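For reference, the chains in residue letters:
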Amino acid sequence: MSVRSCENNVYYEADTTEDMEDLPFERFTAARRYLGLSFLRDPNWTAYISDTSGQLNLWLTASHLTEAGLPAEPEQLTIFTDYSVRSVYASPANDDLVFFADPNGTENFQIFVMNAFSGWPRPVSFDERVRHDFGAECFSPDGRFIAYSSNERSHEDMLLYAMNLHDNAKITLTNTHGWFQMGYWAPDSRRLSAVELVTVTQASVWVCDVADGSARRVTPVYEKTRFIPGPWSSDGRGFYVLTDKDREYIGLAFYDLDKGALNWVETPEWDVESVALSRDGRLLVWSVNENGMSRVYLRELSTDRRSRLALPDGVVSSIAVSGRGELVGLVLSTYYSLGDIWVYGSAEGKLEKVGHSMIGRIPQDQFVKPSPIRVKSFDGLEIPTWVYRPSVTGS
């Protein structure tokens with residue numbers, strides 16, 4: 001007997017007599033990947049990356065489920081076969097998108113610009129031997145500039161650049177040796193942050209100015225200490241920072257530029273994985289790796305009201321917040337999904353799954369749910385670990 005059922009907004013036909021031995025391997029590999037997402041200026045639209053077509057391409061979809069409770073029909077914006085789209089950014093000023101894609105897996109990312117609703121992608125970088133790297137943010141708030149890092153001057157360095165999209169004129173912002181990655185734009189569309197990656201355990205924050213071309217390191221240099229820039233406050237007086245300064249774990253702090261002071265915001269006994277902020281500065285969102293699972297927290301900065309999203313156990317790989325904090329989007333992988341797109345409406349408190357990675361119509365109870373254990377490391381610390389034990393018995 002076949003029944004139509006729904007679990008977590010996923011509809012599938014399931015034979016009630018099926019068990020694990022009846023399911024072919026192909027149904028478990030029937031999956032698509034989601035790499036990232038970005039809300040357009042109108043947050044009712046979301047741009048995202050998926051390999052639904054067999055290659056990582058750019059797609060556009062509605063940010064909410066239909067009245068029938070199903071995901072909206074998406075539109076494929078690129079038809080690449082040799083290029084793979086790796087990151088996408090929506091302009092806060094118009095309907096333009098900037099995305100980075102590399103040919104044949106070379107990781108020499110090239111930059112493309114297109115309108116989300118018309119036209120065709122146009123490249124603004126033209127040398128496939130050069131790597132153009134993306135960061136946390138790309139568009140300036142006024143939509144005039146994009147920022148990225150590149151090794152076009154020397155293959156030993158990744159320097160930070162700003163490009164004016166009106167004439168493709170470029171400004172080199174970090175005229176020094178090093179490996180830099182874009183951080184975030186300040187609200188004035190003039191200043192921006194960047195991270196200098198020194199080693200795996202050492203990183204510093206720089207602030208650059210597109211008006212005068214200046215760049216300066218603003219965080220102290222400590223061995224085995226990381227400072228990773230987060231979003232700027234809406235008044236431009238400083239920015240959030242992920243750092244493990246004087247801590248075993250990465251915490252969330254705020255760096256005041258005028259005072260040169262670092263003030264802690266969140267100091268859990270776990271690592272803070274990522275942080276995002278609505279452009280109006282109203283809604284702060286961050287994720288914490290708690291016992292190997294991502295927990296996503298929200299704070300309305302005007303009222304200091306705090307909450308946690310009621311997500312399934314899993315790992316968050318991407319977080320996006322709309323300009324006024326109406327929507328929070330993320331990609332979440334679980335033991336039964338490769339990575340789904342979830343959207344949370346902050347006004348109504350509604351959480352929806354709008355992108356489904358698993359398309360083999362496998363009942364959720366056919367997947368093995370992992371069990372938590374702890375493994376002691378050489379220094380005596382206990383490492384949270386998740387173990388998948390087969391549900392079958394015998395040899």
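Residues numbered from 1 in each chain as written. Predicted model: local features only at pLDDT ≥ 70, side-chain atom pairs only at ≥ 80, totals over all residues. Heavy atoms only, no water.

Considering the overall build of the chain
As a reminder of what qualifies: By definition, any uninterrupted DSSP run of H or I lasting at least four residues is a helix, any uninterrupted run of E lasting at least two residues is a strand, and each is numbered from the N terminus. Atoms counted for the radius of gyration: C-alpha only. Globule rule: 2.2 Å times residue count to the power 0.38. Here's how the labels work: a residue is buried when its accessible area is under 20% of the maximum for its type, exposed when over 50%, partly exposed in between, all with a 1.4 Å probe on protein chains only. Whether two residues are in contact is decided by their heavy atoms: any pair within 4.5 Å suffices.
Summing up its helical and strand segments, the chain has 1 helix and 32 strands in all. At 22 Å, the chain has a C-alpha radius of gyration in line with the 21 Å of a compact globule built from 395 residues. Summarising its shape, the C-alpha atoms of the chain cover approximately 70 × 55 × 45 Å along the three principal directions. Taking all 395 residues of the chain together, the buried fraction comes to 50%. A fraction of 36% describes how many contacts in the chain between residues 6 or more apart in sequence connect residues 24 or more apart.

Some points on the packing of aromatic side chains
For the record, the criterion: Here a pair means two rings of Phe, Tyr or Trp (six-membered ring of Trp) with centres within 6.5 Å. Their orientation is stacked below 30 degrees between planes, edge-to-face above 60, and tilted elsewhere. Geometrically, a charge over a ring is one whose NZ (Lys) or CZ (Arg) sits within 6 Å of the ring centre while staying within 35 degrees of the ring normal.
For the coordinates displayed, the defined rule picks out 20 aromatic pairs. Here Phe80 and Tyr83 contribute two aromatic rings whose centre-to-centre distance is 5.5 Å and whose plane-to-plane angle is 40°, an arrangement assigned as tilted. A residue is classified by how much of its surface remains accessible, and Phe80, at 18% relative accessible area, is buried. Taken together, a centroid distance of 6.1 Å and an interplanar angle of 55° make the contact between Phe80 and Phe99 tilted. Of this pair, Phe80 sits in the loop between strand E6 (75–76) and strand E7 (83–90) while Phe99 sits in strand E8 (residues 96–103), and the two are 19 residues apart along the sequence. One exposure class covers both Phe80 and Phe99, and it is buried. An aromatic cluster is defined as three or more aromatic residues linked by ring pairs; in this entry it consists of Phe80, Tyr83, Phe99 and Phe112. The ring of Trp264 has Arg247 lying over it, and the distance from NZ or CZ to the ring centre is 5.6 Å.

Re the pattern of salt bridges
Selection rule: What counts as a salt bridge is simple: a side-chain nitrogen of Lys or Arg found within 4 Å of a carboxyl oxygen of Asp or Glu.
Within the structure shown, the criterion is met by 23 salt bridges. In this structure, Asp235 and Arg237 form a salt bridge, with 3.3 Å as the shortest nitrogen-oxygen distance. A salt bridge links Glu266 to Arg306; the nearest nitrogen and oxygen atoms lie 2.8 Å apart. Here Glu266 is found in strand E22 (residues 261–266), whereas its partner Arg306 is found in strand E26 (residues 305–308), with 40 residues between them in sequence. With a relative accessible area of 41%, Arg306 lands in the partly exposed category. A single network of salt bridges, built from pairs that share partners, joins Glu266, Arg299, Asp304 and Arg306.

Observations concerning the pairing of E22
Defined as follows: The criterion for strand pairing is that DSSP finds at least two bridges linking the strands in question.
Examined bridge by bridge, strand E21 (residues 251–256) and E22 share 5 bridges and lie antiparallel to one another. What sits directly across from Phe254, in E22, is Asn263. In this antiparallel pair of consecutive strands, E21 and E22, the connection spans 4 residues, and Gly260 shows a positive phi of 65°.

Side note on the sheet that holds strand E9 (residues 110–115)
Read across the open sheet, the 4 strands follow the order E7-E8-E9-E10; overall the sheet is antiparallel. Pairing within the sheet leaves two strands with one partner each, and these edge strands are E7 and strand E10 (122–123). Here E8 pairs with E9 via 6 bridges, running antiparallel. Across the sheet, the residue bridging to Val98 is Val113, located in E9.

Things to note about the sheet that holds strand E5 (residues 57–62)
Reading across the sheet, the 4 strands line up as E3-E4-E5-E6 and stay open at both edges, with antiparallel pairing between neighbours. With one partner strand each, in any of the chains shown, strand E3 (34–39) and E6 form the two edges of the open sheet. One ladder, built from 2 bridges, connects E5 with E6; its direction is antiparallel. Residue pairing for E6: Leu60 is matched across the bridge by Glu75.

Notes on the state of the cysteines
Worth spelling out the cut-off: By convention in this document, the label disulfide applies to cysteine sulfur atom pairs within 2.5 Å.
As enumerated under the stated definition, the model contains 0 disulfides in all. Just so you know, Cys138 is unpaired, no disulfide at all, and the nearest cysteine sulfur is the one on Cys208, 15 Å from it. Classification of Cys208 as buried rests on a relative accessible area of 1%.

A look at the side chain of Ser346
Rule in force here: Polar contact criterion, stated in full: a pair of N or O atoms within 3.5 Å, where within protein one must be able to donate a hydrogen and the other to accept it, and residues adjacent in sequence count only if both atoms are side-chain atoms.
Checked against the element boundaries, Ser346 lands in the loop between strand E29 (337–345) and strand E30 (350–355). Polar side-chain contacts of Ser346 include one of 2.6 Å to the backbone oxygen of Gly325. Contacts of Ser346, omitting those with residues within four sequence positions, involve Arg282, Leu283, Gly325 and Glu326.

Brief notes about a nonpolar patch on the surface
Convention followed: Any residue with relative accessible area above 30% and no salt bridge may belong to a patch, with like charges joined within 9 Å and the nonpolar Val, Leu, Ile, Met, Phe, Trp and Tyr side chains within 5 Å. Surface accessibility in these figures is a Shrake-Rupley result with a 1.4 Å probe; residues are shielded only by whichever protein chains are displayed.
Residues Ile373, Val375, Leu381 and Ile383 make up a contiguous nonpolar surface patch of roughly 290 Å² in combined accessible area. With respect to the helices and strands, Leu381 occurs in the loop between strand E31 (371–376) and strand E32 (382–387).

Concerning the confidence of the model for the chain
Rules: Within a predicted model, pLDDT stands for the predictor's per-residue confidence, ranging from 0 to 100.
Residue-level pLDDT values for the chain average 93, and 94% of them are 70 or greater. Every residue in residues 1–17 is under pLDDT 50, and counting partners more than four places away or in other chains gives 38 contacts.

Here's the deal with the environment of Leu277
For Leu277, the position within the fold is in strand E23 (residues 271–277). Sequence-wise, Leu277 and Ser377 are 100 residues apart; in three dimensions their C-alpha atoms are separated by 36 Å. Beyond its immediate stretch of four places on either side in the chain, Leu277 contacts Pro231, Trp232, Ser233, Tyr240, Leu283, Leu284, Leu301 and Val321.

Re unusual backbone geometry
Positive phi, close to 55°, is recorded for Asn104, a residue that is not glycine. Structurally, the position occupied by Asn104 is in the loop between E8 and E9. For Asn104, a relative accessible area of 62% translates into the label exposed.

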